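# Coordinate analysis (summary)
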Amino acid sequence: MARPRVHDLDVLLDHARDLWVQGGPGRVTTRELSAVSGVSNGAIYHAFGSRDGLLVRVWSRQAEEFLRFQRDATEQVLARGGDARDAVTCAALAPADYATRDEQGARLLLAVTPHTLATDRLSQDDRRRLHHLRAEVRTLVHELATRLTGGASPEALDLVRHCVVDLPGVLLLKPARPTDPLARHALEHAVRGILTSPHLTEPPA
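Below or above, wherever it landed, is the structure these notes cover.

Scanning the entire structure with this criterion turns up 0 disulfides. For the unlinked cysteine Cys 90, the closest cysteine sulfur is that of Cys 163, found at 13 Å. Look at Cys 90 and you get buried, because its relative accessible area is 13%.

Okay, empty space enclosed by the protein next. All chains considered together, the criterion is met by 1 cavity of 30 Å³ or more. What the largest cavity holds in volume is close to 40 Å³. In terms of lining residues, the largest cavity is bounded by Leu 67, Gln 70, Arg 71, Glu 136 and Leu 140. Mapped by element, the contributors of at least two residues to the lining of the largest cavity are helix H4 (51–79) and helix H8 (124–149). Among the elements that make up the lining of the largest cavity, the one with the highest residue count is H4 (3 residues). Split into classes, the residues belonging to the lining of the largest cavity amount to 2 nonpolar, 1 polar and 2 charged.

A probe matching the size of a water molecule, rolled over the atoms, marks out where space remains unfilled. Space inside the largest pocket adds up to approximately 620 Å³. Trp 59, Leu 109, Pro 114, Val 137 and Val 165 are, among the 23 residues lining the largest pocket, the residues nearest its centre. Counting only elements with at least two residues in the lining of the largest pocket, the list comes to H4, helix H6 (103–111), helix H7 (114–117), H8 and helix H9 (154–173). Of the residues belonging to the lining of the largest pocket, the class tally is 16 nonpolar, 4 polar and 3 charged.

Position of Ala 106 relative to the elements: it lies in helix H6. In the structure, Ala 106 is positioned 21 residues away from Arg 127 in sequence and 22 Å away in space, judged by C-alpha atoms. Contacts of Ala 106, omitting those with residues within four sequence positions, involve Pro 95, Tyr 98, Ala 99 and Pro 178.

An α-helical turn contains 3.6 residues, so a residue and the one three or four places further along point in the same direction. Within the span of helix H3 (residues 41–48), buried status applies to Ala 43, Ile 44, Ala 47 and Phe 48. Taken around the axis of H3, the buried residues stretch over an arc of 115°, which confines them to a single face.

What follows deals with the pattern of salt bridges. The full count for this structure, using the stated rule, is 15 salt bridges. Note that Asp 10 and Arg 61 form a salt bridge whose closest N and O atoms lie 3.7 Å from each other. Highlighted residues: Asp 10 in helix H1 (residues 6–23) and Arg 61 in helix H4, separated in sequence by 51 residues. Of the residues examined, Asp 10 reaches a relative accessible area of 35% and is grouped as partly exposed. Taking relative accessible area as the criterion, Arg 61 reaches 26% and is therefore assigned partly exposed. Across the pair Glu 32 and Arg 27 runs a salt bridge, and its minimum N-O distance is 3.4 Å. According to the relative accessible area criterion, Glu 32 is partly exposed, its value standing at 30%.

The N-to-C vectors of H6 and H9 enclose an angle of 125°; their axes lie 9 Å apart at closest approach. Accordingly, the angle class assigned to the pair H6 and H9 is oblique. Judged by the twist between their axes, the crossing of H6 over H9 is left-handed. Counted together, Arg 107, Leu 110 and Ala 111 of H6 and Pro 168, Gly 169, Leu 172 and Leu 173 of H9 form the full contact between these two elements. Taken together, the residues of the contact of H6 with H9 sort by class into 5 nonpolar, 1 polar and 1 charged.

Calculation notes
Residues numbered from 1 in each chain as written. Predicted model: local features only at pLDDT ≥ 70, side-chain atom pairs only at ≥ 80, totals over all residues. Heavy atoms only, no water. Disulfide = S-S within 2.5 Å. Buried < 20%, exposed > 50% of the residue type's maximum accessible area, 1.4 Å probe, protein only. 1 Å grid on protein atoms, 1.4 Å probe; cavity = no way out; pocket = protein on both sides within 12 Å on 5 of 7 lines; lining within 4 Å. Points joined across faces, edges and corners; volume = space filled by probe spheres on them. Helix = DSSP H or I, 4+ residues; strand = E, 2+ residues; numbered from the N terminus. Nonpolar A, V, L, I, M, F, W, Y, C, P; charged D, E, K, R; others polar. Contact = heavy atoms within 4.5 Å. Arc of directions from axis to C-beta. Salt bridge = Lys/Arg side-chain N within 4 Å of Asp/Glu carboxyl O. Axes fitted to C-alpha atoms, helices over the stretch in contact; angles between N-to-C directions. Parallel < 35°, antiparallel > 145°, perpendicular 65-115°, else oblique. Left-handed = near helix turned anticlockwise from the far one by under 90°.

As structure tokens, then:
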């Protein structure tokens, strides 16, 4: 059975993401996807290999777009003369800012982690996708920690990870929507408060 064309794959992933957002990952089945897309079950299976592979492709496509958005926003802050604390704050607020252009995508990314998607039924390509995305996050955390302290000690890495990874997931999923201005306000002040920690050593001049 022929594999769908690249454009068709993008359309399938759009449909699968809509199903996921509407009804959770349990709603994303080949049967449901076939019904909404008009593509046969066999063609969908041939394209993604398994339902787990389909979920990884949906999530990883969204994550790749978000990570580009996050890095671009952070680099713009630094280019305008912002310091390391401004850059960390910008990276932490990126999910809230991304939600203003793609709220459902932001909710999906905040609610799901690569760890929850990693199963023994994934292909090597899908495992590599997840590994690459985790590495991208680690690289950003490492770069920001180095800017903050002049190095990347375990303490600095943990602090930045709390700001950029942990806090957004906690504070932005609690309200009715991740675009809630109060949630964004709370996140910004929580991050800036953490960045005043007396345990944070300034980088050498």
